[in-house]
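Commentary on secondary and tertiary structure
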Amino acid sequence: MEKIELNNKVIFVTGAAGFIGSNLVKRLIKDVKDATIVGIDNMNDYYDVSLKDFRLDGLNKLDGNNGNKWIFVKGDIADKATIDGIFEKYEPAVVVNLAAQAGVRYSITNPDAYIQSNLIGFYNILEACRHWPVEHLVYASSSSVYGSNKKVPYSTDDKVDNPVSLYAATKKSNELMAHAYSKLYNIPSTGLRFFTVYGPAGRPDMAYFGFTNKLVKGETIQIFNFGNCMRDFTFVDDIVEGVVRIMQGAPEKKTGDDGLPLPPYAVYNIGNNSPENLLNFVDILQQELIRAKVLPEDYDFEAHKKLVPMQPGDVPTTFADTSALERDFGFKPSTSLRQGLRAFAEWYASFYKKQD
């Protein structure tokens, strides 16, 4: 593994106003010294743009911390000229591609968005890394690539050739594309399969956030597969810790027997390695929403819960094998669901109080 220094470097983060992207940039500005951190986001309205503005405002306030320079570009990674322009101007040493059209269900009704962002956008990033060589390309994959694999926990050694959604297919395609570019152009790349990321200022299309919005309005929440889903919920701070560690350890460049590069390529799971039943998750969420005074103490949850069948594209279980992450980077996510949902509930109470 090649040790990568982040201080005094140019770091390019795509999807910088997104949930994981903004938390990563915040962590980098606070921890790294004398770096230039360039972020891009198209600020689309897939979900409430005020959340993206809120995250960006927080980052803009940190500009200059530790001698770091924060530069934000409003633009789309699917626009080749924009990406080439950023690489030409800033010549990033480390690239973290988190920009993507997310969500399994949305991919069924809006497939175009996934082809644009997840395939064409990622291709533009790879091409730029080819022409302006980087020390390390880190990119988001997803636990969705495991499809309905029966073997658990999910290991990066498992075959993942049977996606059950277009979203999953695009993420698997990213891994294949990165492998090809690593082999052809000796670009060190690491893919990260994230497992159900949650936390403050997260994505409203995720269950914990969507459930909260509905309960606050007195609407009924639907719990899929009659509550028999297991999810490996991973708190956003744990995800960011994993990403920062991995950014600093690139796959080593080596030459094969044929004199050609062996692809400097790796893929890791980042998950909590501890799946929770959906009904248990909803129970903890409601307790924390009451504790944070988002909901009244006498709220009738049973009247607002409905158990329904599985949705197309969903899988019954996600469960991360994180042994490779522990072995190579000495890290294992550990934030409990209660700790994480408490942080979310407290943020939700303060954020929406300010908006009222």
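So, a few notes on the structure that sits alongside this text.

Here is what the cut-offs are and how they apply
- Residues numbered from 1 in each chain as written.
- Predicted model: local features only at pLDDT ≥ 70, side-chain atom pairs only at ≥ 80, totals over all residues.
- Heavy atoms only, no water.
- Phe/Tyr/Trp six-rings, centres within 6.5 Å; stacked < 30°, edge-to-face > 60°.
- Helix = DSSP H or I, 4+ residues; strand = E, 2+ residues; numbered from the N terminus.
- Buried < 20%, exposed > 50% of the residue type's maximum accessible area, 1.4 Å probe, protein only.
- Pairing = 2+ DSSP bridges.
- Axes fitted to C-alpha atoms, helices over the stretch in contact; angles between N-to-C directions.
- Contact = heavy atoms within 4.5 Å.
- Parallel < 35°, antiparallel > 145°, perpendicular 65-115°, else oblique.
- Left-handed = near helix turned anticlockwise from the far one by under 90°.
- Nonpolar A, V, L, I, M, F, W, Y, C, P; charged D, E, K, R; others polar.
- Core = buried A, V, L, I, M, F, W, Y, C linked by side-chain atoms within 4.5 Å.
- Expected span 1.5 Å × (residues − 1).
- Salt bridge = Lys/Arg side-chain N within 4 Å of Asp/Glu carboxyl O.
- Patch = residues over 30% accessible without salt bridge, like charges linked within 9 Å, V, L, I, M, F, W, Y side chains within 5 Å.
- Areas by Shrake-Rupley, 256 points an atom, 1.4 Å probe, with all protein chains shown as cover.

This part is about the packing of aromatic side chains. Overall, the coordinates contain 34 aromatic pairs when judged by the stated rule. Considering the side-chain rings of Phe-87 and Trp-132, the 6.2 Å spacing of their centres and the 45° angle between planes classify their relative orientation as tilted. Of this pair, Phe-87 sits in helix H3 (residues 80–90) while Trp-132 sits in the loop between helix H5 (111–131) and strand E6 (136–142), and the two are 45 residues apart along the sequence. Trp-132 sits in the partly exposed class, given a relative accessible area of 22%. Residues Phe-233 and Phe-281 carry aromatic rings whose centres are separated by 4.4 Å and whose planes lie at 10° to one another, so their mutual orientation is stacked. Remark: Phe-281 occurs in helix H9 (residues 278–291) and Phe-233 occurs in the loop between strand E10 (230–231) and strand E11 (234–235); sequence separation between them is 48 residues. You'll find Phe-233 and Phe-281 in the same group, each marked buried.

On to the pairing of strand E7 (residues 189–194). In terms of burial, E7 is largely enclosed, as 6 of its 6 residues are buried. Of the two faces of E7, both are covered, the one formed by Ser-189, Gly-191 and Arg-193 as well as the one formed by Thr-190, Leu-192 and Phe-194. Sheet topology places E6 next to E7; 6 bridges connect them, and they run parallel. Bridge pairing links Leu-137 to Ser-189 in E7. In this sheet, strand E15 (residues 265–270) lies alongside E7 in parallel orientation, the contact comprising 6 bridges. The partner of Ser-189 across the bridge, within E15, is Tyr-265.

Once that is clear, we can look at the sheet that holds E7. Read from one edge to the other, the open sheet built from 7 strands follows the order E4-E3-E2-E5-E6-E7-E15, with strand pairing classed as parallel. Sheet topology places strand E4 (69–74) and E15 at the edges, where each strand pairs with a single neighbour. On average, each strand axis in the sheet is inclined to that of its neighbour by 15°, with strand direction left out of account. Running over the sheet, H5 touches strand E2 (10–14), strand E5 (94–97) and E6 and is turned about 165° from E6.

Direction vectors running N to C along H5 and helix H6 (residues 166–185) enclose 15°, while the axes themselves pass 10 Å from each other. Here H5 is positioned roughly parallel relative to H6, judged by the angle of their axes. Seen along the crossing, H5 lies across H6 with a hand that is right-handed. Counting all contacts with H5, which are made through Pro-111, Tyr-114, Ile-115, Asn-118, Leu-119, Phe-122, Tyr-123, Leu-126, Glu-127 and Arg-130, the residues of H6 involved are Leu-166, Tyr-167, Thr-170, Ser-173, Asn-174, Met-177, Ala-178, Tyr-181 and Tyr-185. In the contact of H5 with H6, the residues fall into 13 nonpolar, 4 polar and 2 charged.

Before going further, it helps to examine helix H7 (residues 207–216). Looking at H7, one finds that the buried residues are Tyr-208, Phe-209, Gly-210, Phe-211, Thr-212 and Leu-215. Where H7 ends, the next residue or the one after it, Gly-218, has phi of about 80°, a positive value.

Moving on, we come to the nonpolar core. Ranked by internal contacts, the top residues of the largest apolar core, which has 78 residues, are Leu-24, Leu-28, Phe-194 and Met-247. The contact partners of Leu-24, leaving out residues within four places of it in the chain, are Val-13, Val-96, Leu-98, Val-240, Val-243, Val-244 and Met-247. Val-38, Ile-77, Ile-83 and Ala-128 belong to the second largest nonpolar core, which has 23 residues in total.

One can find Thr-212 in helix H7. Spatially, the C-alpha atoms of Thr-212 and Val-282 are 9.8 Å apart, while their sequence positions differ by 70 residues. Contacts of Thr-212, omitting those with residues within four sequence positions, involve Leu-285, Leu-289, Val-294, Phe-344 and Tyr-348.

Here we come to H6. For H6, built from 20 residues, the straight-helix expectation of 28 Å at 1.5 Å per residue is met to within 8% by its first-to-last C-alpha distance of 28 Å. The complete set of buried residues in H6 reads Tyr-167, Ala-168, Thr-170, Lys-171, Lys-172, Asn-174, Glu-175, Ala-178, Tyr-181 and Ser-182. For H6, the secondary structure elements touched by its buried residues are helix H4 (106–109), H5, E6, E7 and E15. Where H6 ends, the next residue or the one after it, Asn-186, has phi of about 60°, a positive value.

Right, let's get into the pattern of salt bridges. Across all of its chains, the model carries 15 salt bridges by this definition. We note a salt bridge from Asp-31 to Arg-27, for which the minimum N-O separation is 2.6 Å. Taken as a pair, Asp-31 and Arg-27 lie in helix H1 (residues 19–31) at a separation of 4 residues, close to a single helical turn. When its relative accessible area of 45% is taken as the criterion, Asp-31 is described as partly exposed. Here the salt bridges do not stand alone but share partners, grouping Arg-27, Asp-31, Glu-241 and Arg-245 into one network.

Moving on to a nonpolar patch on the surface. A contiguous nonpolar surface patch, about 260 Å² in accessible area, is contributed by Phe-226, Leu-279 and Leu-307. Along the chain, the position of Leu-279 falls in helix H9.

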